[in-house]
Amino acid sequence: MKKLFQFHETYLVLIIFLLSIIITSINSNFISAENMFDMLKSNSFIGIMAIGMLLVLVSGGIDISFAAIATVSQYVMALFIIRFGGNIFVALAISIIIGTLLGMINGLLIYYFRIPSIITTIATMNIYYGFLIVLTGGKWIYSLPDWFRKFAEIRLLTFYNSNGNPYGLSIVTFIWILVVISAVVILKYTILGRSIYALGGDRKSSSRVGFNIFLTETFVYSFMGLLSGVAGVVQALLVQTVAPNSIVGKELDVIAAVVLGGASLAGGKGSVFGAILGVALLAILRNGMTLMAIPAVWFQFLVGVVILVSIGFSSYQDKLRSGKTSVIDILEETK
Amino acid sequence: MIKLKISMDNETKVLSLILTGVIILMSILSPGHFLRIETFQGMAFQLPELGLLSLAMMISMLTGGINLSIIATTNMSAITAALILTTWIVPEVPASTDIMIIMIAIIAALGVSVLIGLFNGILISVVNIPPILATLGTMKLLQGLAFIITRGYVISGMPDLIRFIGNGKVVGIPMPLIIFAIFAFLMASYLNHTSTGFNIYMFGSNSIATLFSGVNNSKVIIKTYMISGLYCGVAAIIMMSRFNSAKAGYGESYLLVTILAAVLGGVKSEGGFGRVKGLVLSLIILQVMSIGLNLIGVSAFLTVALWGLIMIGAMISHFIIEQRDLLKLSVSKS
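Definitions and limits used
Residues numbered from 1 in each chain as written. Chains lettered and ligands numbered in written order. Predicted model: local features only at pLDDT ≥ 70, side-chain atom pairs only at ≥ 80, totals over all residues. Helix = DSSP H or I, 4+ residues; strand = E, 2+ residues; numbered from the N terminus. Rg over C-alpha atoms; globule rule 2.2 N^0.38 Å. Contact = placed C-beta atoms within 7 Å. Buried ≥ 20, exposed ≤ 12 C-beta atoms within 10 Å, placed from the backbone. Pairing = 2+ DSSP bridges. Domains from an automatic or database assignment. Nonpolar A, V, L, I, M, F, W, Y, C, P; charged D, E, K, R; others polar. Axes fitted to C-alpha atoms, helices over the stretch in contact; angles between N-to-C directions. Left-handed = near helix turned anticlockwise from the far one by under 90°. Core = buried A, V, L, I, M, F, W, Y, C linked by C-beta atoms within 7 Å. Parallel < 35°, antiparallel > 145°, perpendicular 65-115°, else oblique. Expected span 1.5 Å × (residues − 1). pLDDT = per-residue confidence, 0-100.

Re the overall build of chain B
Line of reasoning, step 1. Within chain B one finds 14 helices and 4 strands.
Line of reasoning, step 2. Taking 20 Å as the expected radius of gyration for a compact globule of 334 residues, we find that chain B reaches 21 Å, a close match to that expectation.
Line of reasoning, step 3. Taken along the three principal axes of its C-alpha coordinates, chain B extends 80 × 55 × 35 Å.
Line of reasoning, step 4. Counted over contacts in chain B with a minimum sequence separation of 6, partners at least 24 positions apart contribute 79%.

Overview of the overall build of chain A
Line of reasoning, step 1. From N to C terminus, chain A includes 14 helices and 2 strands.
Line of reasoning, step 2. Taking 2.2 N^0.38 as the reference for a compact globule, 335 residues should give roughly 20 Å; the C-alpha atoms of chain A span a radius of gyration of 21 Å, in line with that estimate.
Line of reasoning, step 3. With respect to the three principal axes, the spread of C-alpha positions in chain A is 75 × 55 × 35 Å.
Line of reasoning, step 4. Expressed as a percentage of its 335 residues, the buried residues of chain A come to 45%.
Line of reasoning, step 5. A sequence separation of at least 24 residues applies to 76% of the contacts in chain A between residues at least 6 apart.

Quick look at the pairing of strand E2 (residues 166–170) of chain A
Within a regular beta strand, the side chains point alternately toward one face of the sheet and then the other, so they alternate between its two faces.
Residues and elements named next belong to chain A.
Line of reasoning, step 1. In this sheet, E2 lies alongside strand E1 (residues 155–160) in antiparallel orientation, the contact comprising 5 bridges. The residue of E2 that forms the bridge with Phe 159 is Tyr 167.
Line of reasoning, step 2. Connecting the antiparallel pair E1 and E2 is a turn made up of 5 residues, with Gly 164 showing a positive phi of about 85°.

Let's talk about the environment of Ile70(B)
Residue and element names in this part refer to chain B.
Line of reasoning, step 1. Tracing the chain through its elements places Ile 70 in helix H4 (residues 70–88).
Line of reasoning, step 2. For Ile 70, a count of 31 C-beta atoms within 10 Å corresponds to the buried category.
Line of reasoning, step 3. The spacing of Ile 70 and Ser 299 is 229 residues in sequence and 26 Å in space, taken between C-alpha atoms.

Overview of the domain arrangement of chain A
All names here are of chain A.
Line of reasoning, step 1. Under the domain assignment used here, chain A contains domain 1 (33–294) and domain 2 (299–335).
Line of reasoning, step 2. A C-alpha centroid distance of 30 Å is found between domain 1 and domain 2.
Line of reasoning, step 3. Listed as interface residues are 8 residues of domain 1 and, on the opposing side, 7 residues of domain 2.
Line of reasoning, step 4. At the level of elements, helix H12 (251–260) and helix H13 (272–291) are the ones that each hand at least two residues to the side of domain 1 that touches domain 2.
Line of reasoning, step 5. Among the elements that line the side of domain 1 that touches domain 2, the one with the most residues is H13, at 5 residues.
Line of reasoning, step 6. When the residues that make up the side of domain 1 that touches domain 2 are grouped by side-chain class, the tally is 7 nonpolar, no polar and 1 charged.

Remarks on the interface of chain B and chain A
Line of reasoning, step 1. Contact residues are listed per partner, giving 37 residues for chain B and 36 residues for chain A.
Line of reasoning, step 2. Breaking the side of chain B that touches chain A down by element, the ones donating at least two residues are helix H6 (131–150), helix H12 (254–264) and helix H14 (300–333) of chain B.
Line of reasoning, step 3. Residue classes in the side of chain B that touches chain A are distributed as 26 nonpolar, 8 polar and 3 charged.

Digging into the environment of Ile182(B)
All names here are of chain B.
Line of reasoning, step 1. You can see Ile 182 is positioned in helix H8 (residues 175–193).
Line of reasoning, step 2. For Ile 182, a count of 11 C-beta atoms within 10 Å gives the class exposed.
Line of reasoning, step 3. Along the primary structure Ile 182 and Ile 89 are separated by 93 residues, whereas in three dimensions their C-alpha atoms are 29 Å apart.

Quick notes on the packing of helix H4 (residues 66–84) of chain A against helix H5 (residues 88–113) of chain A
All names here are of chain A.
Line of reasoning, step 1. The geometry of H4 relative to H5 is characterised by a closest axis approach of 8 Å and an angle of 145° between their N-to-C directions. The handedness of the crossing between H4 and H5 is right-handed. The residues of H5 that touch H4, namely those facing Ile 69, Val 72, Ser 73, Gln 74, Val 76, Met 77, Phe 80 and Ile 81, are Val 90, Ala 91, Ile 94, Ser 95, Ile 98, Gly 99, Leu 102 and Gly 103.
Line of reasoning, step 2. Residues of the contact of H4 with H5, tallied by class, amount to 11 nonpolar, 5 polar and no charged.

Quick word on the nonpolar core
Line of reasoning, step 1. Among the nonpolar cores identified, the biggest contains 203 residues, and Ala50(A), Met53(A), Leu54(A), Val258(A) and Leu260(B) are the most heavily contacted of them.
Line of reasoning, step 2. Broken down by element, this core gets its largest block of residues, 15 residues, from helix H11 (residues 217–243) of chain B.
Line of reasoning, step 3. Both domain 1 (33–294) and domain 2 (299–335) of chain A contribute no fewer than three residues apiece to this core.

A short note on the packing of helix H3 (residues 37–62) of chain B against helix H13 (residues 276–296) of chain B
Residue and element names in this part refer to chain B.
Line of reasoning, step 1. For the pair H3 and H13, interaxial distance at closest approach is 9 Å and the crossing angle is 135°. When the interaxial angle is binned, H3 and H13 end up oblique. Here H3 runs over H13; the crossing is right-handed. Together, Thr 39, Gly 42, Met 43, Gln 46, Leu 47, Leu 50, Gly 51, Ser 54, Leu 55 and Met 58 of H3 and Leu 279, Leu 283, Gln 287 and Ile 291 of H13 make up the contact between the two elements.
Line of reasoning, step 2. Class assignment of the residues belonging to the contact of H3 with H13 gives a composition of 8 nonpolar, 6 polar and no charged.

What about the environment of Ile276(A)?
Residues and elements named next belong to chain A.
Line of reasoning, step 1. Looking at where Ile 276 falls in the secondary structure, it is placed in helix H13.
Line of reasoning, step 2. Here Ile 276 falls in the buried class, since 23 other C-beta atoms lie within 10 Å of it.
Line of reasoning, step 3. C-alpha of Ile 276 to C-alpha of Ala 91: the two residues are 185 residues apart in sequence and 26 Å apart in space.
Line of reasoning, step 4. Residue contacts for Ile 276: discarding those within four places in its chain leaves Gly 47 and Val 180.

Structural notes on helix H11 (residues 213–239) of chain A
Residues and elements named next belong to chain A.
Line of reasoning, step 1. With 27 residues, H11 extends 39 Å between its outermost C-alpha atoms, agreeing within 8% with the 39 Å of an ideal straight helix rising 1.5 Å per residue.
Line of reasoning, step 2. Among the 27 residues in H11, 22 count as buried, and that is most of the element.
Line of reasoning, step 3. Trailing H11 by a residue or two, Gln 240 shows a phi angle of about 60°, which is positive.

Observations regarding the confidence of the model for chain B
Line of reasoning, step 1. On average, residues of chain B score 83 in pLDDT, and 92% of them are at 70 or above.
Line of reasoning, step 2. Scored as a complex, the prediction yields pTM 0.84 and ipTM 0.79.

A word on unusual backbone geometry
Line of reasoning, step 1. One non-glycine residue, Gln240(A), lies in positive phi territory at about 60°.
Line of reasoning, step 2. Tracing the backbone shows Gln240(A) in the loop between H11 and H12.
Line of reasoning, step 3. The backbone of Asn128(B) shows a phi angle near 75°, a positive value even though the residue is not glycine.
Line of reasoning, step 4. The topology assignment puts Asn128(B) in the loop between helix H5 (96–125) and H6.

Regarding the confidence of the model for chain A
Line of reasoning, step 1. On average, residues of chain A carry a pLDDT of 85, and 94% of them reach 70 or more.
Line of reasoning, step 2. Here residues 327–335 of chain A is modelled with pLDDT under 50, and outside its nearest four sequence neighbours on either side it reaches 0 contacts, counting other chains as well.

Okay, structure coming up:
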């Protein structure tokens, strides 16, 4: 039991649990299966990007450009399927290829020129997004093909509510689940995954131990790009329009969600489960506010409070802990 | 110490080179339009806002931190001032009390921004939250608060005296530029000639060494973010008077540009390095580019993309220069 409370995730689960109880006591619709499936669907887009961001943060970097990458790959994908047709796999493939390439550029710049990742990705964000708007004129795309619309409505599990309206596990949520599983496999069961943790823990040591830093670092940013590509398609599936300004601006929200889930910006720390909990916490907060009829203007404010309180809590504990350990170190030195 | 001086010189050299290149390029691309007094006056009105915000960003980056809440702080203090001005100043009351109220509004705006800085500083130093997260949280908090207060509406209709700060001229020099020059000078002398300024650089280079040399690190951080806040407050007053209004969500696109400007000006994001001189040069480069490209009729988005390219170019050249210096150093040592 005591060990359980060492994990950041335990606190998150508790907070989510408490929040859910409060929301349910005010509006019992919250706990309904329909609302749950709906939340899983509408947050899959943020969730997918959060997984990519998790890997980047674990490796000790940060990526600000992923929203721009998602926008670019989504836009090109939409142009392609409108002009040449195709199916969902073509759409995903195009988006993924472009996303991965753009992500790889980030990774290579960061690896070869040792530019801090935050700087590199702010620059590339401006470059990707700027060129997209210049080349396309920033027009919105509404006329997505019918099969694209139909695909978004596929449900793997279907239930009917009391009014006879169908709901259930959407294909979009399923994509998110696939992404989550692949991230867990990579992080837990491959050398690549362990080398990401090693890189985030200590760059020099991990290279001395023999991890391939070049491969790891390029992979992390390429994977972020790949997932941004997937997220771009998912977002288009969800809203059925492609607008160049609909994703950009979400960067810090995603980072906030992942960090709430216990990933450290210094690298080396973070879990997929935590990242999902972070996304869930913000999603429940937003959903709960709607259900509790709190004006939407309060959302940002509450997000700020949640970030500061929850991260403040764990950081303060870290501080106390590190204070203790350093005292012990000094005592041992003097002996 | 000697090495530090050399790399600083390189910094200025590279920046001056880029600046000359950009100016020449712009003059060639639009010969009739670029080299005119109006161009530079337009620049003189736009540069100060971004400049003050970049200074606010820079001082936090010098400690190895970052201040993501600068825009939110700016909007919050602009809204504070605007609320005071629009509710207290009524046309019927004689103008003599107006100046008092304007003074109060300005002091309130600066006070709010410094308080926000204090809040950030405490979160970072006492509660021990990493700067990027602490200021991200404050940013969200303030954005939310600004929306709650204003309900998303614009507060407009400032008195003429306030408008003078943003749009007026003194002996042909735009007022915002004068304010910016004063505050840039103050920042430079604060950083270079006070012990706190020195400690800020020290903290950025090695916070543990700074602690063990008897510096109160918490105090340094709190002061840093308070100054960062103060500069946002000054930017708020200029922005409010230039737009003649205040609103939640003004100028949010500035946030990442300020980081870009600071980094291009030689501020290291790990902390410890960076001069006001470099920042001012990089601001001028960015501004010359944006105005020049605008004159040729290039979209603002392409300008932003080019800023990104220039930044990466600058970082790569820094890297190469650094490598070369390291090589020289190791050769001469052996």
